[in-house]
Amino acid sequence: MSVPLQDFERRILDATARIERWFRLEWQDHTPPFYASVDLRNAGFKLAPVDTNLFPGGFNNLSAEMLPLAVQAAMAAIEKYCPDARNLLLIPESHTRNRWYLQNVERLSAILRQTGLNVRLGTLDPAVTAPTPIETADGPQLIVEPLVRRGYRAGLRDFDPCTILLNNDLSSGMPEVLKDLHEQVLLPPLHAGWAVRRKSKHFAAYADVAKRFARELGMDPWLINPYFARCGRIDFQQREGEDCLATNVEMLLKQIRAKYREYGITEKPFVIVKADAGTYGMGVMSVHDPAEVRGLNRKQRNRMAVVKEGLEVHEVILQEGVHTFETVNGSYAEPVVYMIDRYVVGGFYRVHAERSRDENLNAPGMQFVPLPFAASCHVPDCNASLEHAPNRFYVYGVVARLALLAAAIELEQTDPDPSRYG
């Protein structure tokens, strides 16, 4: 955090009133997702989102100080969708015994209960046929129950919810039990899951948002926006699509080098290649030269060929690599910002002791260090020193909210029923 704020960060701090009004007007036209988390990378000369998750699974990594703000934001979100809500059904990931993830489910349930809701857990796992206790990392048990479909409503055997909240990214597809629901609110909608969603569509929407925001502030949108490209028809096992990968890597590196020359940046440019759908940091590689994506060895091809749920990768997004200058205890780190509705409610640093500043940190061996967003990110001090941490946290929150707005627009564009947007 000791690197001085850059010119674009100072420009954002000096325009806080305009920025907050800009966001307020945008939220009049677009509905934010119920919740989201955004992975950011801060290279010092550039700050950009590199991933936006619409099913955040790390609420357990947020500081306890953020809980009141999270409860308040959840109240605002629930009132928007179902003002008289009494019962909420939370559907977590299936087939998991990850006790840290389950601690996230416990923390999220606690936040929702504080809004005045009865919260119970349903599962899409067909192996669960009766209420089943599961241990979390810090002791308390969770009870997951099988879903029951009655006509056009889904719930539990003795529980009829007004709202159903997914904390399951639907990597394995859209479940029949949640299709065509009437008089129930499903958050996020089914088309937010990875069965439909693509990162390339999200970053196309983000590029437009960043361009409009940068125009408002009179700055270069590249400073907050990573270049990207997409390749479809990829088969890593059969070595199909290597020409597309190499061509796009070369194109992106040329674009990045041009920007580096413009700003006098001496860092070595790189490109991140990753699955266009999916999460958990699977199917990701850093590339510094087009030759690196040709003739991948068996281990590399196996790592890139499948993601969560064992799904094969046939579409990839190639994204400008953003270095991270931030460290925690000598290990490279990246900030992750959590939002409920349109509000920043917390965040943490993802830290990895075995990864370098130009590698993906979302990998086995990572650790998490909470950030005090709830106390500081909404109140920048423009008269403080350039190294004043809350000022940088505020900038993080601004860029994360730009990604949140892009996600809202992305969901509108991919909604199978566009009529609901007039």
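Just so it is clear, the model here is predicted, and its values are computed rather than measured.

**Digging into the packing of helix H2 (residues 16-29) against helix H5 (residues 199-217)**
Part 1 of the reasoning: Running from amino to carboxyl end, H2 crosses H5 at an angle of 140°, the nearest separation of the two axes being 11 Å. Between H2 and H5, the interaxial angle falls into the category oblique. You can see that H2 and H5 cross each other, and the crossing is right-handed. For the pair formed by H2 and H5, the contact residues are Arg 18, Ile 19, Trp 22 and Glu 26 on the first element and Val 209, Arg 212, Phe 213, Glu 216 and Leu 217 on the second.

**As for the packing of helix H3 (residues 67-81) against helix H4 (residues 99-113)**
Part 1 of the reasoning: Where H3 contacts H4, the axes come no closer than 8 Å and their chain directions differ by 60°. In the crossing of H3 with H4, the sense of the turn from one axis to the other is right-handed. For the pair H3 and H4, the contacting residues are Leu 67, Ala 70, Val 71 and Ala 74 in the first and Arg 107, Ile 111 and Leu 112 in the second.
Part 2 of the reasoning: Here the residues of the contact of H3 with H4 are counted per class, giving six nonpolar, no polar and one charged.

**A look at helix H6 (residues 242-263)**
Part 1 of the reasoning: The end-to-end C-alpha distance of H6 is 32 Å, a good match for the 32 Å that 22 residues give at a rise of 1.5 Å each.
Part 2 of the reasoning: Along H6, the residues that are buried comprise Glu 242, Leu 245, Ala 246, Asn 248, Val 249, Leu 252, Leu 253, Ile 256, Lys 259 and Tyr 260. In an axial view of H6, the angular spread of the buried residues amounts to 165°, which keeps them on one side of the axis. H6 presents Asp 243, Lys 254, Arg 261 and Glu 262 as exposed residues on the side facing more than 90 degrees away from its buried surface.
Part 3 of the reasoning: Remark: Gly 264 follows H6 within two positions and exhibits a positive phi of approximately 65°.

Basis of the calculations
- Residues numbered from 1 in each chain as written.
- Predicted model: local features only at pLDDT ≥ 70, side-chain atom pairs only at ≥ 80, totals over all residues.
- Heavy atoms only, no water.
- Axes fitted to C-alpha atoms, helices over the stretch in contact; angles between N-to-C directions.
- Helix = DSSP H or I, 4+ residues; strand = E, 2+ residues; numbered from the N terminus.
- Parallel < 35°, antiparallel > 145°, perpendicular 65-115°, else oblique.
- Left-handed = near helix turned anticlockwise from the far one by under 90°.
- Contact = heavy atoms within 4.5 Å.
- Nonpolar A, V, L, I, M, F, W, Y, C, P; charged D, E, K, R; others polar.
- Expected span 1.5 Å × (residues − 1).
- Buried < 20%, exposed > 50% of the residue type's maximum accessible area, 1.4 Å probe, protein only.
- Arc of directions from axis to C-beta.

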